[in-house]
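Given next are the chains, with one letter for each unit.
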Amino acid sequence: EKGNYRHFMQKEIFEQPTVVAQTLASYLRRSDNSVALPQFDFDLSSVRRITIVACGTSFYAGMVAKYWFEQFARVPVDIDVASEFRYREPVLEEGGLALFISQSGETADTLAALRHCKQNGQTIGVIVNVPTSSMAREADLLLPTHAGPEIGVASTKAFTCQLAVLAALAAHMAVKKGLMSREEEQEVVAHLLEAPACLNAALDHDDDIASMAHLIAPARDVLYLGRGPDFPLALEGALKLKEISYIHAEGYASGEMKHGPIALIDNEVPVIVLAPSGPLFEKTVSNMEEVRARGGQIVLISDAEGLEQASEGCMATIEMPKVHPLIAPLVYAVPVQLLAYHVACVKGTDVDQPRNLAKSVTVE
Ligand code: F6R
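If you're wondering where the values come from, they're calculated on a predicted model, not measured in any experiment.

Visitor: Go over the sheet that holds strand 7 (residues 141-144), please, and point to the residues and values.
Guide: Spatial ordering of the open sheet is given by 4-3-5-6-7, a layout of five strands whose pairing is parallel. Two strands in the sheet have a free side with no partner beyond their single neighbour: strand 4 (77-81) and strand 7. When the angles between neighbouring strand axes are averaged without regard to direction, this sheet yields 15°. In this sheet, strand 4 lies alongside strand 3 (residues 50-54) in parallel orientation, the contact comprising five bridges. What sits directly across from Val53, in strand 4, is Asp80.

So this is what it looks like as structure tokens:
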């Protein structure tokens, strides 16, 4: 079943161009470059507030989507991990939309949060990879990811497919609310359709990342930094590394470093910086300089333009294709997944079945 791959996780990382294309195909219409969601009787233009609830990697997909819903559809988003959401007496206004993101569709805390929202008059949107799951059955608005079965415990292809669905949904909502013109919609759709090719270009760096893994594998702690929609990617990178290589890792918003975590930096701590060139680049680079001035060993993940500007003095770099900001979170997921994967291989851990973890967490 693994074909030529050593692990399911590796196979699933490499399937991403195909499964993201499959997922996009069911939400985007190529003939006129428009977004086409499944039919449902709920008026998306009336949504005044979105509540997003998920766990782990699916939660990070929701964090990325918050930027999109707010930027495109101008709808405020309240997001929380399911285990916290349930116990904080969230304010749920009548007519709100609650979105639940889950690969398995069975995560106990997320499912309980879904039921709580349903009881409190929310319309239930579910982004799920297992179409027969409990969450899928209880959805008002079912938005499946078409990632195919994900066997590796560490989620990879489900994440990028979740992002694809969420981007389409945010754009669709913007159109419905009259905030996105026909031309803008066509442009967004065209950029989303570029994602599979860009994922392929990112995967081409597999060998470089495999050699770099030897630099990271001896570390005791690793930090990941990102800004804007790349901040959740930093959290995702850290989670992937922790769960399969057992190296302690944390993700931070780049600008938050100087408020504490920079105290951790010395020349033994690799710092992985996710920074596509663009409006946020300069700021992230200055945060990177602060880290470098304290001896931090930087791995810069950026495009050719960004690397040209800022790779001097880095321990290593990973070149990503130059992509539209909308699809950057999908594309930058690849190097963080591959880095975690190769570090785990160097360390000889059980990549597909990491210790203490289960694929589907059905206890609260
Ligand atoms: C991380 C990972 C977990 C899951 C989390 C939610 O690689 O796999 O953090 O993302 O347990 O699972 P689902 O998406 O099935 O609700």
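Visitor: So, the pattern of salt bridges: which residues are in play, and what are the values?
Guide: Oppositely charged side chains are able to pair whenever their charged atoms sit close together. The full count for this structure, using the stated rule, is 18 salt bridges. The partner of Asp32 in a salt bridge is Arg29, with the nearest N and O atoms 3.4 Å apart. A relative accessible area of 41% places Arg29 in the partly exposed class. Notably, a salt bridge pairs Arg182 with Asp32, separated by 3.7 Å at the nearest N-O pair. Residue Arg182 is located in helix 8 (residues 182-193), and its partner Asp32 is located in the loop between strand 1 (28-29) and strand 2 (34-35); the two are separated by 150 residues in the primary sequence. Judged by its relative accessible area of 33%, Arg182 is partly exposed. Accessibility expressed as a relative area gives 30% for Asp32, which makes it partly exposed. Salt bridges here are not isolated pairs; linked through shared partners, they connect Arg29, Asp32, Arg182 and Glu185.

Visitor: I'd love a proper account of the side chain of Asp78, names of residues and values included.
Guide: Tracing the chain through its elements places Asp78 in strand 4. Within the local environment of Asp78, its side chain forms a polar contact with the side chain of Arg88, the two groups lying 3.4 Å apart. Residues contacting Asp78, with those up to four places away along its chain left out, are Arg49, Ile50, Thr51, Ile52 and Arg88.

Visitor: Give me the lowdown on helix 3 (residues 56-73), citing residues and values where you can.
Guide: Since there are 3.6 residues in each turn of an α-helix, residues three or four apart along the chain are aligned in direction. Across its 18 residues, helix 3 extends 25 Å between first and last C-alpha, which sits within 8% of the 26 Å expected from 1.5 Å per residue. Buried residues dominate helix 3, accounting for 13 of its 18 residues. Positive phi appears at Arg74, one or two residues downstream of helix 3, with a value of about 55°.

Visitor: A description of empty space enclosed by the protein should follow, citing residues and the corresponding values.
Guide: Under the defined criterion, the tally for this structure stands at one cavity of 30 Å³ or more. Taken as a whole, the largest cavity holds about 30 Å³ of empty space. For the largest cavity, the full set of lining residues is Arg49, Thr51, Val91, Leu92, Glu93, Gly96 and Gln122. Partitioned by chemical class, the residues of the lining of the largest cavity number two nonpolar, three polar and two charged.

Visitor: Outline the site of the ligand, listing residues and values.
Guide: Neighbouring the ligand are 14 residues; Ser58, Ser102, Gln103, Thr107 and Glu243 lie closest to it. A breakdown of the residues in the shell around the ligand according to their chemical character gives four nonpolar, eight polar and two charged.

What counts and what doesn't
Within each chain, residue numbers correspond to sequence positions counted from 1 in written order. Reporting of local features is limited, given that this is a predicted model, to residues whose pLDDT is at least 70; pairs of side-chain atoms are given and counted only at 80 or more, and all residues count toward the totals for whole chains, interfaces and linings. Note that water and hydrogens are dropped before the side-chain values are worked out from all heavy atoms of the structure. One bridge is not enough; two strands pair if DSSP finds at least two bridges between them. Secondary structure is summarised from DSSP: a helix means a run of H or I of at least four residues, a strand means a run of E of at least two, and numbering begins at the N terminus for each. For helices, the fitted axis covers only the stretch in contact; all axes are lines through C-alpha atoms, and the angles between them, taken along N-to-C directions, range from 0 to 180 degrees. Salt-bridge detection follows one rule: a side-chain nitrogen of Lys or Arg within 4 Å of a carboxyl oxygen of Asp or Glu. For the exposure calls, accessible area comes from a 1.4 Å probe over protein chains only, and a residue counts as buried if that area is under 20% of its type's maximum, exposed if over 50%, partly exposed in between. Whenever two N or O atoms come within 3.5 Å, that pair is a polar contact, provided that in protein one can donate a hydrogen and the other can accept it, and provided that, for residues adjacent in sequence, both atoms are side-chain atoms. Contacts are residue-level and defined by heavy atoms, with any inter-residue pair within 4.5 Å sufficient. A helix is expected to span 1.5 Å for every residue after the first. Lining residues are defined by having an atom within 4 Å of a point belonging to a cavity or pocket. Those points lie on a 1 Å grid over the protein atoms alone, cavities being sets where a 1.4 Å probe fits but cannot get out and pockets being open sets with protein on both sides within 12 Å along at least five of seven lines. Grid points are joined across faces, edges and corners, and a volume is the space filled by probe spheres set on the points. Here the term charged refers only to Asp, Glu, Lys and Arg, the term nonpolar to Ala, Val, Leu, Ile, Met, Phe, Trp, Tyr, Cys and Pro, and the term polar to all other amino acids, Gly among them. Put simply, a residue is near a molecule or strand once any heavy atom of it comes within 4 Å of that molecule or strand.

Any functional reading would require information that these geometric values do not contain.
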